[in-house]
Amino acid sequence: MSDKKYDAVVVGSGPNGFAAAITMAKTGRSVLMIEANKTIGGGMRSSDLTHTGSIHDICSAVHPLGIASPFFNSLGLTSYGLEWINPPVAMAHPLDDGTAVLLERSLDTTINNLGPDGRNYAKVMRPMVGHWDKLLPEILSPLHFPKHPLALGRFGFAAGQSAGYLIFKNFRSRQAKALFAGMAAHSKMPLDKPGSAAFGLLLGAAGHAVGWPIAKGGSQSIAAALKQCFIASGGEIKTGMEIHSLSELPQAKAVLLDITPRQLAAIAGNRLPENNRRKLAQHRYGPGVFKMDWVLNGPIPWKAADCLKAATVHIGGTFEEIAGAEDEVWHGQHPEYPFVLLVQPCLFDDTRTPAGKHPVWAYCHVPNGSTVDMSEKIEFQIERFAPGFRDRVLFRSKMNTMAMEADNPNYVGGDIAGGVGNPFSLFLKRTPYKTPIKGVYVCSSSMPPGAGVHGMCGYHAAEKAIREMF
Ligand SMILES: Cc1cc2nc3c(=O)[nH]c(=O)nc-3n(C[C@H](O)[C@H](O)[C@H](O)COP(=O)(O)OP(=O)(O)OC[C@H]3O[C@@H](n4cnc5c(N)ncnc54)[C@H](O)[C@@H]3O)c2cc1C
């Protein structure tokens with residue numbers, strides 16, 4: 001590493017690392033980004049995992065919070081080559097009777113399709129969808145005095161409930177219950193935990209307000225656009241360099257770390273006070289993921305043809321089944337019938353694969369650090385709603401939690417969110433982003449507003465660093 005001095009150094013090139021780096025660079029400051037991997041992008045990378053000439057998303061695949069992100073939208077990423085593709089239906093959820101319940105782009109169509117529960121679905125979703133543009137920036141910010149206290153208060157009240165309670169209070173039909181449960185299960189928490197409803201509300205409203213898009217050419221295109229934007233703002237990037245200690249970094253006024261608390265404890269070492277290191281050691285990581293990718297010789301033969309209208313499919317059957325599976329994972333068990341999140345991008349993006357081949361992406365939650373092979377169970381679940389799926393498989397790739405962590409040290413024990421807990425605990429952190437070391441900040445998804453490809457954690461961390469250090 002040269003002796004060059006920088007205004008800011010950013011460690012890690014995930015969406016939050018890029019957001020922090022770009023926010024700094026756009027104010028005219030010199031910024032160096034250092035990335036351990038040879039490829040930039042962290043959770044936005046894509047590669048030919050099956051060696052078939054296909055583009056597979058290694059981590060993130062579907063981006064409701066990416067297309068909605070106030071920070072990404074301020075950058076004009078389309079002018080740097082990013083193209084969102086929004087399938088006609090945001091998400092499909094097949095049921096055992098051969099039908100599927102759909103999160104339609106249109107709120108009214110979704111309401112109509114839900115029959116008697118439509119009115120209740122409208123009661124839950126319409127206030128959020130109606131105030132989406134005001135609400136989202138509030139939700140994607142750390143603790144602050146809200147500009148729209150009424151709308152935020154209403155969301156906060158509903159979001160603080162458990163998904164199970166919200167479902168019990170509002171829905172009677174199998175369809176509406178399953179639809180909401182699948183979205184809430186993105187929380188990785190048991191659905192009877194307070195706060196688990198937040199994910200169902202946010203993802204459901206996003207489906208109607210902005211859709212659940214994929215990035216044309218794979219999620220790596222988001223990273224590529226962010227890179228172009230960063231370079232155009234004068235930034236420098238060094239890849240293939242893993243940082244083990246703060247002392248390895250070039251001199252800089254501000255250091256922004258796109259890493260999680262356990263890594264901070266290791267990298268900062270004795271520079272952190274003892275009580276802070278103890279606190280970091282207590283940071284709770286959540287369930288991990290077991291991830292699979294396939295190349296098929298044709299589209300998935302869903303019993304419910306409606307599933308072909310969406311890139312994202314939630315597989316797990318009823319609310320009760322999904323709640324049971326997530327509860328087992330939380331308590332350290334591997335469910336027989338896991339809840340599977342599946343994405344079939346090439347139905348809508350033909351740039352990802354040679355003709356006739358269909359890359360498919362899926363994962364299920366497993367206990368943190370699990371090494372159990374869930375591939376049979378995942379494929380059984382898909383086969384349940386799409387008989388003949390296995391006959392179409394040409395190639396498959398599997399990653400357990402250890403492989404996830406080896407691929408990206410932020411995925412501690414396979415936890416893809418940088419930690420778990422009631423989402424409100426994230427927002428109530430008194431001094432998010434700041435560490436006890438002067439000029440050193442954490443900008444990853446372990447900070448508010450949390451996981452997902454949206455860059456808002458990095459943006460807020462950089463804003464704080466700019467206020468305090470420059
Ligand atoms: C299987 C999977 C599926 C997902 N699906 C979705 C999805 O569909 N939609 C969505 O929005 N989100 C999804 N996510 C979550 C999303 O990817 C993350 O929330 C997001 O990437 C977090 O961004 P980040 O910048 O905080 O960290 P990361 O994206 O994890 O980036 C951290 C970067 O820091 C680097 N790094 C770490 N330590 C060091 C070090 N010591 N030295 C140098 N570099 C270091 C890492 O190599 C990495 O590049 C998924 C994640 C996974 C794994």
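A few points on the structure. Only a predicted model underlies this, so the values are computations on that prediction, with no experimental measurement involved.

The rules behind each value
Residues numbered from 1 in each chain as written. Predicted model: local features only at pLDDT ≥ 70, side-chain atom pairs only at ≥ 80, totals over all residues. Heavy atoms only, no water. Core = buried A, V, L, I, M, F, W, Y, C linked by side-chain atoms within 4.5 Å. Buried < 20%, exposed > 50% of the residue type's maximum accessible area, 1.4 Å probe, protein only. Near = heavy atom within 4 Å. Polar contact = N/O pair within 3.5 Å; in protein donor to acceptor, adjacent residues only side chain to side chain. Areas by Shrake-Rupley, 256 points an atom, 1.4 Å probe, with all protein chains shown as cover. Helix = DSSP H or I, 4+ residues; strand = E, 2+ residues; numbered from the N terminus. Nonpolar A, V, L, I, M, F, W, Y, C, P; charged D, E, K, R; others polar. Contact = heavy atoms within 4.5 Å. Salt bridge = Lys/Arg side-chain N within 4 Å of Asp/Glu carboxyl O.

Description of the nonpolar core
In this structure, Phe-180 and Leu-256 are the most contacted members of the largest nonpolar core, which totals 125 residues. In terms of nonpolar packing, the next biggest core, distinct from the first, is built from 28 residues, Phe-290, Ile-300, Ala-304 and Cys-307 among them.

So, the site of the ligand
Taken together, 36 residues are adjacent to the ligand, and Glu-35, Gly-43, Val-62, Asp-258 and Gly-452 come closest. Gly-14 places a main-chain nitrogen or oxygen 3.5 Å from an oxygen atom of the ligand. One nitrogen or oxygen atom from the main chain of Gly-42 is found 3.4 Å from an oxygen atom belonging to the ligand. Burial of the ligand by the surrounding chains reaches 94%, relative to a free accessible area of 1,000 Å². Listed by contribution, the elements that provide at least two residues to the shell around the ligand are helix H1 (15-25), helix H12 (261-268) and strand E14 (358-366). Examining the composition of the shell around the ligand, we find that three residues originate from one element, H1, more than from any other. When the residues that make up the shell around the ligand are grouped by side-chain class, the tally is 18 nonpolar, 14 polar and four charged.

Considering the environment of Ala-25
Structurally, the position occupied by Ala-25 is in helix H1. Distance in space between the C-alpha atoms of Ala-25 and His-454 is 18 Å, their sequence separation being 429 residues. The residues touching Ala-25, leaving out its near neighbours within four places in the chain, are Val-31, Phe-230 and Ser-233.

Thoughts on the pattern of salt bridges
Tallied over the entire structure, the rule returns 20 salt bridges. Between Asp-108 and Arg-126 there is a salt bridge, with its nearest N and O atoms 3.1 Å apart. Highlighted residues: Asp-108 in helix H4 (residues 107-113) and Arg-126 in helix H5 (residues 118-130), separated in sequence by 18 residues. Among the charged side chains, a salt-bridge network with shared partners connects Glu-376, Glu-379, Arg-390 and Arg-396.

Purely geometric stuff here, so don't read any function into it on its own.
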